[in-house]
Amino acid sequence: MEPLISVIIPVYGVEKFLQDCIDSLLSQTMKGIEYIFVNDASPDNCPAILHKNQLAHPDMIRVIDLKENKSQGGARNEGIKAARGVYIGFCDGDDMVAPWMYERMYKKAEQMQTDVVYVQYTAVPENCTCKDIKNGVTDERQKPFVVWSRDLLEQEKRTKTDPEIFLTSQTGGVGTGLWRKSFLERASVAFPEKLKYEDNFWSSVICTYINKIAFIRENGYYYRMNSSSTLHSGRFIYDRIPIERALIQEAKNRNLFQQYYSAWEYIFITRYASTTAYLLWSGKGPADTKTIRMIYKELWHEFPFWWKNKYYIKKQGGKQRLKDILIAVFPVPCSYGYRYYSRIKNRVIKRGPHFLYGGG
């Protein structure tokens, strides 16, 4: 019997958390799920953990061992090729899911005949376990990680969704969606390989093809605040640059660029330029003024009137827009100024305001 759902889990360097992830998946109330774990050439004990669980649950767990590391995007691509389910879901190897999640998502997808169903997600502490999830975590961080906008939720009532609403709204991570496999095959969007932030690319392109969507307004996916995650490593910030460039090029290749020009412009302003600059400044090393200047040069070139973008004006406050314009016009001075401002602010927070006056 073919499975109803295939859940794809890329695995790399998460030995400490992997068993909790597996246990939360095996605790699902729904039957007929296959779990495809893609060992992304993990150098730790993850392969042994995977194969041990596969032996214990051969009817539910499949393991794909990659010979070279392809990062999460490449691992997910391999999992999609192997998936046999009517629906496809994703989970990261250090995260967990609520026992009811896939059953409720499947039922809603079938009831409403959707291309995708989204569930809310939240962050949990690094030491959170599968047992904590089953017993109900009462930590304050159980609030939704992303608050869905009214415009986004209203898309559930439509027979044809508005792609620009999705492109300019936050829906959640890749793991918070349950996708109809036939829809993914029609859209034919591959994850970028060997780069982080691959979900920015994939989610943005795929959402332009969605016709029918549904939402479950409860936390079902638990994102672990893993301090050792590769995404928290400063060197991966630079992966944002080729990812966002590739996204714009993909939109042009698919004849989607002019059709949704304002939405791509908003993404390039906020995700490519502004967020990347602030992430670069948040590092401990010297400001990379060369990269920041290059980013804003590309912003001006690709979208010469970006500050007039309707979504940018609607969603960003006046102070933030003023800061963005100053950075765009004076990227190098602002780079140095921001770093000095941050150092002074951190010292004031740590040592008190008397630090400014020579006391303490």
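In what follows, the structure referred to is the one given above.
Residues numbered from 1 in each chain as written. Predicted model: local features only at pLDDT ≥ 70, side-chain atom pairs only at ≥ 80, totals over all residues. Heavy atoms only, no water.

A. Layout of the overall build of the protein chain. A count of helical and extended segments in the protein chain gives 15 helices and 8 strands. Counting every position in the protein chain, which comprises 360 residues, the buried fraction comes to 51%. Pairs at least 24 residues apart make up 80% of the contacts formed inside the protein chain by residues separated by at least 6 positions. Of the roughly 17,500 Å² of accessible surface on the protein chain, a fraction of 53% belongs to carbon and sulfur atoms. (Helix = DSSP H or I, 4+ residues; strand = E, 2+ residues; numbered from the N terminus. Buried < 20%, exposed > 50% of the residue type's maximum accessible area, 1.4 Å probe, protein only. Contact = heavy atoms within 4.5 Å. Areas by Shrake-Rupley, 256 points an atom, 1.4 Å probe, with all protein chains shown as cover.)

B. Just the pairing of strand β2 (residues 33-39), in detail. The element β2 is largely enclosed, with a buried count of 7 among its 7 residues. What you see with β2 is no split at all: I33, Y35, F37 and N39 on one side and E34, I36 and V38 on the other are buried throughout. The sheet contact formed by strand β1 (residues 5-11) and β2 spans 7 bridges and is parallel. Within the sheet, the bridge partner assigned to V11 lies in β2 and is N39. Once you follow β1 into helix α1 (residues 18-26) and on to β2, the crossover reads as right-handed. With 5 bridges joining them, β2 and strand β3 (residues 61-65) adopt parallel strand pairing. (Pairing = 2+ DSSP bridges. Right-handed = clockwise from strand over helix to strand, strands pointing away.)

C. Representation of the packing of aromatic side chains. Following the criterion strictly, the structure yields 23 aromatic pairs and no others. Relative to Y106, the ring of Y87 has its centre 5.6 Å away and its plane inclined at 85°; by these criteria the two rings are edge-to-face. Here the residue Y87 occupies a position in strand β4 (residues 87-90), and Y106 occupies one in helix α4 (residues 101-112), the gap between them amounting to 19 residues. Residue classification places Y87 among the buried positions, given a relative accessible area of 0%. Taken together, a centroid distance of 6.0 Å and an interplanar angle of 50° make the contact between F145 and Y223 tilted. Here the residue F145 occupies a position in the loop between α5 (130-135) and α6 (150-153), and Y223 occupies one in strand β8 (residues 213-224), the gap between them amounting to 78 residues. (Phe/Tyr/Trp six-rings, centres within 6.5 Å; stacked < 30°, edge-to-face > 60°.)

D. Here's a closer look at the pattern of salt bridges. In the structure shown here, the tally under the stated rule is 19 salt bridges. Here K194 makes a salt bridge to E68, at a shortest N to O gap of 3.2 Å. Taken as a pair, K194 in the loop between α8 (181-187) and α9 (198-206) and E68 in the loop between β3 and α3 (71-82) lie far apart in primary sequence, 126 residues in all. Sharing partners across several salt bridges, the network here consists of E34, R62 and R84. (Salt bridge = Lys/Arg side-chain N within 4 Å of Asp/Glu carboxyl O.)

E. Spotlight on the sheet that holds β2. In space, the 8 strands of this open sheet follow the order β3-β2-β1-β4-β7-β6-β8-β5, with mixed pairing throughout. Of all the strands in the sheet, just β3 and β5 (96-97) have a single pairing partner and so form its edges. Its contacts with the sheet put α3 on β1, β2, β3 and β4, and the angle it makes with β1 is roughly 150°. The sheet strands contacting α4 are β1, β2, β4, β5, β6 (116-124), β7 (177-180) and β8, and the helix crosses β8 at an angle near 160°. (Axes fitted to C-alpha atoms, helices over the stretch in contact; angles between N-to-C directions.)

F. Region of the structure containing the nonpolar core. One finds F37, Y102, W179 and W264 to be the most contacted residues of the largest nonpolar core, which totals 97 residues. Broken down by element, this core gets its largest block of residues, 12 residues, from helix α11 (residues 261-281). Once residues within four sequence positions are removed from consideration, F37 is found in contact with I9, V11, L18, I22, L25, L50, I61, R62, V63 and I64. Ranked by size, the runner-up nonpolar core spans 7 residues in total, among them A98, V124, C128 and I133. (Core = buried A, V, L, I, M, F, W, Y, C linked by side-chain atoms within 4.5 Å.)

G. How the structure looks around unusual backbone geometry. Backbone geometry places Q113, a non-glycine residue, at a positive phi of 50°. With a phi angle near 60°, N255 is a residue other than glycine that sits in the positive phi range. Examined against the element boundaries, N255 turns out to sit in the loop between α10 (240-253) and α11.

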